[in-house]
Amino acid sequence: PAGTGDLVAMIDQAVSEAVRDGRIAFNPPDRMRQGRVERVEVTIARTQDVDEQLRANLKGRGKVEIEDIYTSPYMTVDLKGPGFQIATLTEREQLLRPTARWEFDVLPIDSGRLGLQVCVAMRIPMINDQNVKSSVPVLERLIQVDVNPGYQTKRFLRKNWQWLVATVAGLGGAITGSSIFSGGSP
């Protein structure tokens with residue numbers, strides 16, 4: 001259809017006007033402990049000459065890593081990873097003016113070498129109030145999560161408390177019943 005070419009031209013024009021080279025910084029720790037929450041932050045800038053400012057803005061204990069990234073005025077950031085429980089503390093989509101920061105509380109629930117992914121998308125405003133979204137390549141870091149026996153025990157008890165109560169009650173009944181039938185006093 002003739003309209004398809006016009007749409008592609010509009011998208012190309014919007015992309016060329018909105019997309020600029022920028023920088024992304026984030027600070028995942030190399031090592032975490034199962035059951036202990038860590039703050040992980042991501043900062044994106046729409047310019048490439050702000051590395052020191054990006055480093056200074058991140059307060060988590062992980063080493064700050066900075067990479068090149070394409071940016072648009074509105075960016076969305078998500079943090080994902082199997083084996084982690086992640087709470088997003090800031091708005092997922094933010095306006096870069098000229099920087100924006102995302103904060104996450106990350107709770108490792110499994111142990112071992114686990115991947116943590118930063119998923120970034122650009123939102124490109126169009127002339128007709130439509131938006132085009134485009135994902136940026138995912139950044140992934142492997143994190144060594146150490147076993148925490150106390151956390152594993154609490155997690156087991158939380159998941160299985162009803163079975164443990166039933167087992168203890170059943171054992172108590174069996175012991176009482178056996179002492180009655182063996183002629184002992186209850």
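Everything quoted here is computed from the prediction, not taken from an experiment.

## Some details on the packing of aromatic side chains
Here comes step 1: One pass over the full model with this rule turns up zero aromatic pairs.
Here comes step 2: The positively charged end of arginine 123 is found above the aromatic ring belonging to tyrosine 74, 4.0 Å away from the centroid.

## Details of the side chain of glutamate 65
Here comes step 1: Within the element layout of this structure, glutamate 65 appears in strand β4 (residues 65-71).
Here comes step 2: Taking the relative accessible area as the measure of exposure, glutamate 65 reaches 18% and is therefore buried.
Here comes step 3: Filtering out sequence-adjacent residues up to four positions away, glutamate 65 remains in contact with Ile24, Ala25, Phe26, Pro28 and Arg141.

## A look at the environment of serine 134
Here comes step 1: Its location among the elements puts serine 134 in strand β10 (residues 131-146).
Here comes step 2: Here serine 134 falls in the partly exposed class, since its relative accessible area comes to 27%.
Here comes step 3: In this structure the C-alpha to C-alpha distance between serine 134 and methionine 122, which are twelve residues apart in sequence, comes to 5.2 Å.
Here comes step 4: Residue contacts for serine 134: discarding those within four places in its chain leaves Val120, Ala121 and Met122.

## Some words on unusual backbone geometry
Here comes step 1: Here arginine 97 and proline 98 are connected by a cis peptide whose omega angle stands at -15°.
Here comes step 2: Mapped onto the elements of the fold, proline 98 is located in the loop between β7 (93-95) and β8 (99-108).

## Topic: the pattern of salt bridges
Here comes step 1: Scanning the model with the defined rule gives twelve salt bridges in all.
Here comes step 2: For the salt bridge of arginine 39 with aspartate 105, the shortest nitrogen-to-oxygen distance reads 2.7 Å. Here the residue arginine 39 occupies a position in strand β3 (residues 38-45), and aspartate 105 occupies one in strand β8, the gap between them amounting to 66 residues.
Here comes step 3: By relative accessible area, arginine 39 is classed as partly exposed at 32%.
Here comes step 4: Glutamate 67 serves as the salt-bridge partner of arginine 141, at 2.4 Å between the closest nitrogen and oxygen. Of the two residues, arginine 141 sits in strand β10 while glutamate 67 sits in strand β4, which places them 74 residues apart along the sequence.
Here comes step 5: Three or more residues are tied together by salt bridges with common partners; here these are Arg39, Arg101, Glu103 and Asp105.

What counts, and at which threshold
- Residues numbered from 1 in each chain as written.
- Predicted model: local features only at pLDDT ≥ 70, side-chain atom pairs only at ≥ 80, totals over all residues.
- Heavy atoms only, no water.
- Phe/Tyr/Trp six-rings, centres within 6.5 Å; stacked < 30°, edge-to-face > 60°.
- Lys NZ or Arg CZ within 6 Å of the ring centre and 35° of its normal.
- Helix = DSSP H or I, 4+ residues; strand = E, 2+ residues; numbered from the N terminus.
- Buried < 20%, exposed > 50% of the residue type's maximum accessible area, 1.4 Å probe, protein only.
- Contact = heavy atoms within 4.5 Å.
- Salt bridge = Lys/Arg side-chain N within 4 Å of Asp/Glu carboxyl O.

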